[in-house]
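Each chain, letter by letter, is given below.
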Amino acid sequence: MSRNLARFLAVLLSVVLVAAACSDDNKDAGGGGGDDNTTTTAPKDIDYESIGLWDDGPCDPAKEPLKIGLMTVFESPVLSLEDQATALEVSAEAFNKRGGANGSCVEVTTCDDGGNVDQAVACVREIDDAGVMATVNDQGTAGQKEVSDAMAAAKIPRVASNVVQEDWADPNAYPLDASGTGVTFLMPQALIEAGANKIGLIRVDLAAASALKGLLEDNYEGDATFPYDVPVPGGTTDFTQFILGAQDAGATGVALALGEQEAIQIVKAGQQLDTKLIIGSSLGTFSHKNVSELGDFSKQMAFIWSFPPATADLPVYDALRADLAASGEDALQTENLKASPMRSWIGLYALLKMIRDAKMTTFTREGLSTMLNEAKDVPMLDIFGGEDWTPSKEHPGIYKRAGTNHWATYDWDPAAKAPGGLEGNWVETAKINFDEVLCGSIFGAPAAEC
C-alpha cells in the first residue's frame, strides 16, 4: 500500500462516525407529532409468523427480565443520535407485547455518552450497575478504546454494535455490518454503479480526513479517480462553491462524508445550480422526506447501505415500521426514519431470535456471550439480501468484525410508491460484497487471495 497504517488509522475516526449515522435528530422533522404535511404509516394487521416473527402474547413481568442497554451521544454539535436510543426502547415495548424473550420482559437502559471520554466511561459503569446483560446498537463517539475495554472487563457483549478502529478485532463486539467504515469505503462503488468514476470528495473539516483521498485512491485504483477533495468548514453559508469546485476539477460525481444538515445543503446547492454531478450519500443521512422534497433532482443521487431503507417492500418491515411509528416520535415515522435507528429494531430482533432458538430462559452476560459465539446463520429475513448472520464471524485483514458482507446501492424513483401512501421510493441497483471490494486493500485479504 502507498499509504501507511498510521495515516490510515488517523482518518477513520474523523469520518466513520459521521458516515455511520449522519443524523441531527431533527425534532421538527414532521411525522407522528401531528404535522398535517406528512404521512405516517398506520399499524395494520400483521401475520407475524408468516414473516418470520412470533406473537406469544404479552411478556410476564413476574419473570426475571432480559436487561439490555445502549450508549451513544444523544445531542452534540457534531452528532445527535438519541433516535437510536428511543428506537430501542420502542422496539422492546413492541416485542414485549409479543412475548419478549421467551416470556420474560425486555428492559432497556440507555445512557448519553456526551461525546466525551469521561462521560462515555461513566456510561459503562451505569450500564454495568443497572445489570445490563448486553447492549444493542451502541455507538461510541469518544474514548471508544476505553469503553470497549471496560465493556469487555464487565463481560457485557455488544450486539449490533457500530464498530470503529479501536474495536475492529474486539471479540466482545458482534456487529451486523461494517458500520461507518462500510459506508465510507463503499460509497465510491455506489457512484461507479451510477456511472460516475471521477469522484469528488466533500467531507468533514478535520485535518486527519485529508488522508481519505489517498486511501480511496489505493482501494479504487483502476476503477475511479478522485480529482477533487475539500472540507466544509463550520459556519459555511455558501455551499454552491463545493459543487462548482467539483465541476471545475472534472468530477462526474461527489461523495458526501458530512453531517445531515451540511449534506442537505450541498444537495440543494447542486439542485440550484442544475448540476449534472451524481451525488453519493447514505441511507443513514437522508430520510424519505429529505429526498422526496428534492423532486426530479433526487434522480441524480446514489445511496449506499447494508440493508434496505424503511420504505422497502420487505415483509418483515411491515412490523418494523408499525412498531417504530406507534411511538408517535417524529424521527421514527416512516417518512423521517433513517437507517441508524432501524438497526436498534433489527439488532433486538436478532438477539431475541437467538434466545428463542436456544430456548434460553435464564439470562446472564456469560450465557449470552456463549450463545453469540456459538450462533450460526441467524435468519435475517432478507434484511441483508438473503444473507444470514453469524455474530462471531471473523473477516480477513485487520477489520475482523464486519458482520454480514451484504451491502447495496440505491437510486431514487420519484414515481415509485412507498408504504403509507408516500410518493417516491428507493430502488436497489446493485449488490456489493464488503470482503470482495476491500480485498487487496489495507482492510481486507492480501491481493494474492482476491
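First things first, this report covers the structure right here in the doc. Worth saying up front: this structure is predicted, and the values here are computed from it rather than measured.

Description of helix α7 (residues 240–248)
Next, step 1: Buried within α7 are the following residues: Thr240, Phe242, Ile243, Gly245 and Ala246.
Next, step 2: As for α7, its buried residues are in contact with β6 (198–204), β7 (225–232), β8 (253–257) and α8 (260–273).
Next, step 3: A positive phi of about 90° marks Gly250, the residue just after α7.

Remarks on the packing of aromatic side chains
Next, step 1: Inspection of the entire model under this criterion finds 14 aromatic pairs.
Next, step 2: Considering the side-chain rings of Phe307 and Phe384, the 5.9 Å spacing of their centres and the 85° angle between planes classify their relative orientation as edge-to-face. With Phe307 in the loop between β10 (301–305) and α10 (315–325) and Phe384 in the loop between α12 (365–374) and β11 (406–418), the pair connects residues that are 77 residues apart, well separated along the chain.
Next, step 3: Residue Phe384 is classed as buried on the basis of its relative accessible area of 0%.
Next, step 4: The ring centre of Phe95 lies 4.9 Å from the NZ or CZ of Arg98, which sits over that ring.

Focus: the state of the cysteines
Next, step 1: Counted under the stated rule, the structure contains three disulfides.
Next, step 2: Covalently, Cys111 is tied to Cys123 through a disulfide, its sulfur atoms 2.0 Å apart. Note on the Cys111 and Cys123 pair: the S-S dihedral is about -85°, so by sign convention the disulfide is left-handed. With a gap of twelve residues between them, Cys111 in strand β2 (residues 106–112) and Cys123 in helix α3 (residues 117–129) connect regions that are remote in the sequence. Accessibility classification places Cys111 together with Cys123 in one group, the buried group.
Next, step 3: The disulfide bridge from Cys439 ends at Cys450, spanning 2.1 Å between sulfur atoms. In this structure, the disulfide formed by Cys439 and Cys450 twists by about -110° around the S-S bond and is classed as left-handed.

A closer look at the pattern of salt bridges
Next, step 1: One pass over the full model with this rule turns up 17 salt bridges.
Next, step 2: With its nearest N and O atoms 3.3 Å apart, the salt bridge here joins Lys353 to Asp357. Taken together, the positions of Lys353 and Asp357, both in helix α11 (residues 339–358) and four residues apart, correspond to about one turn of that helix.
Next, step 3: By relative accessible area, Asp357 is classed as partly exposed at 45%.
Next, step 4: The salt bridge involving Lys431 is made with Glu428; its shortest N-O contact spans 2.8 Å.
Next, step 5: Using a relative accessible area of 36% as the deciding quantity, one classes Glu428 as partly exposed.
Next, step 6: Connected through salt bridges with shared partners, the residues Asp138, Arg158, Asp167 and Asp170 form a single ionic network.

Brief notes about the sheet that holds β11
Next, step 1: Judged by pairing direction, the sheet is mixed, and its seven strands sit side by side in the order β7-β6-β8-β9-β10-β11-β12 without closing on themselves. Edge strands, defined here as strands with exactly one partner in the open sheet, are β7 and β12 (422–433). Neighbour to neighbour, the strand axes of the sheet diverge by 25° on average, direction disregarded.
Next, step 2: One ladder, built from three bridges, connects β10 with β11; its direction is antiparallel. By the bridge assignment, Ile304 is partnered in β11 with Thr409.
Next, step 3: Against the sheet, helix α6 (residues 212–219) engages β6 and β7, with an angle of about 155° to β7.

What to know about the sheet that holds β2
Next, step 1: Taken in spatial order, the five strands line up as β2-β1-β3-β4-β5 in an open sheet, and their pairing is parallel. If you trace the sheet from one side to the other, it starts and ends with β2 and β5 (173–174), each paired once.
Next, step 2: For strand β4 (residues 158–159) and β5, the ladder comprises two bridges, and the chain directions are parallel. When the bridges of β5 are listed, Arg158 appears paired with Ala173.
Next, step 3: Its contacts with the sheet place helix α2 (residues 82–97) against β1 (66–72), β2 and β3 (134–136), and it is angled at close to 175° to β2.

Things to note about the packing of α7 against α8
Next, step 1: Taken N-terminus to C-terminus, the directions of α7 and α8 make an angle of 65°; their axes are 8 Å apart at the nearest point. It follows that α7 is roughly perpendicular to α8 by the angle criterion. The two elements α7 and α8 meet at a crossing, and its hand is right-handed. Contacts between α7 and α8 involve Thr240, Phe242, Ile243 and Leu244 on the former and, on the latter, Ile266, Ala269, Gly270, Gln272 and Leu273.
Next, step 2: For the contact of α7 with α8, the residue count by class is six nonpolar, three polar and no charged.

Comments concerning α12
Next, step 1: Those residues of α12 that fall on the buried side of the exposure criterion are Arg365, Leu368, Ser369, Met371 and Leu372. The buried side chains of α12 occupy one side of the element, clustering within an arc of 160° when seen end-on.
Next, step 2: The inward-facing, buried residues of α12 contact β1, α3, β3, β4, β5 and α11.

Digging into the nonpolar core
Next, step 1: Leu66 and Ile202 are the most contacted members of the largest nonpolar core, which totals 121 residues.
Next, step 2: Non-local contacts of Ile202, meaning those with residues more than four positions away in its chain, are made with Tyr228, Val230, Val232, Phe242, Val254, Ala255, Leu256, Ala257, Leu258 and Ile266.
Next, step 3: Cys123, Val147, Met151 and Ile156 belong to the second-largest nonpolar core, a separate cluster that totals eleven residues.

A few points about the pairing of β12
Next, step 1: Where β11 lies against β12, ten bridges are found, and the strand directions are antiparallel. Each residue of the ladder has a partner; that of Lys417, found in β12, is Glu423.
Next, step 2: Between β11 and the antiparallel strand that follows it, β12, lie three residues; Gly420 among them carries a positive phi value of about 75°.

Some remarks on unusual backbone geometry
Excluding glycine, residues mostly carry a negative phi; peptide bonds, for their part, are mostly trans.
Next, step 1: Phi at Asn102 is positive, roughly 55°, even though this residue is not glycine.
Next, step 2: Structurally, the position occupied by Asn102 is in the loop between α2 and β2.
Next, step 3: Classification of Asn102 by relative accessible area gives partly exposed; the value is 24%.

A word on the environment of Trp345
Next, step 1: Following the sequence through the fold, Trp345 ends up in helix α11.
Next, step 2: A relative accessible area of 0% means that Trp345 is categorised as buried.
Next, step 3: Counting along the chain gives 250 residues from Trp345 to Phe95, while the straight-line C-alpha distance between them is 9.4 Å.
Next, step 4: Setting aside residues no more than four positions away along its own chain, Trp345 makes contact with Leu53, Ser91, Phe95, Val316, Ala319, Leu320 and Asp323.

Basis of the calculations
Residues numbered from 1 in each chain as written. Predicted model: local features only at pLDDT ≥ 70, side-chain atom pairs only at ≥ 80, totals over all residues. Heavy atoms only, no water. Buried < 20%, exposed > 50% of the residue type's maximum accessible area, 1.4 Å probe, protein only. Helix = DSSP H or I, 4+ residues; strand = E, 2+ residues; numbered from the N terminus. Contact = heavy atoms within 4.5 Å. Phe/Tyr/Trp six-rings, centres within 6.5 Å; stacked < 30°, edge-to-face > 60°. Lys NZ or Arg CZ within 6 Å of the ring centre and 35° of its normal. Disulfide = S-S within 2.5 Å. Salt bridge = Lys/Arg side-chain N within 4 Å of Asp/Glu carboxyl O. Pairing = 2+ DSSP bridges. Axes fitted to C-alpha atoms, helices over the stretch in contact; angles between N-to-C directions. Parallel < 35°, antiparallel > 145°, perpendicular 65-115°, else oblique. Left-handed = near helix turned anticlockwise from the far one by under 90°. Nonpolar A, V, L, I, M, F, W, Y, C, P; charged D, E, K, R; others polar. Arc of directions from axis to C-beta. Core = buried A, V, L, I, M, F, W, Y, C linked by side-chain atoms within 4.5 Å.

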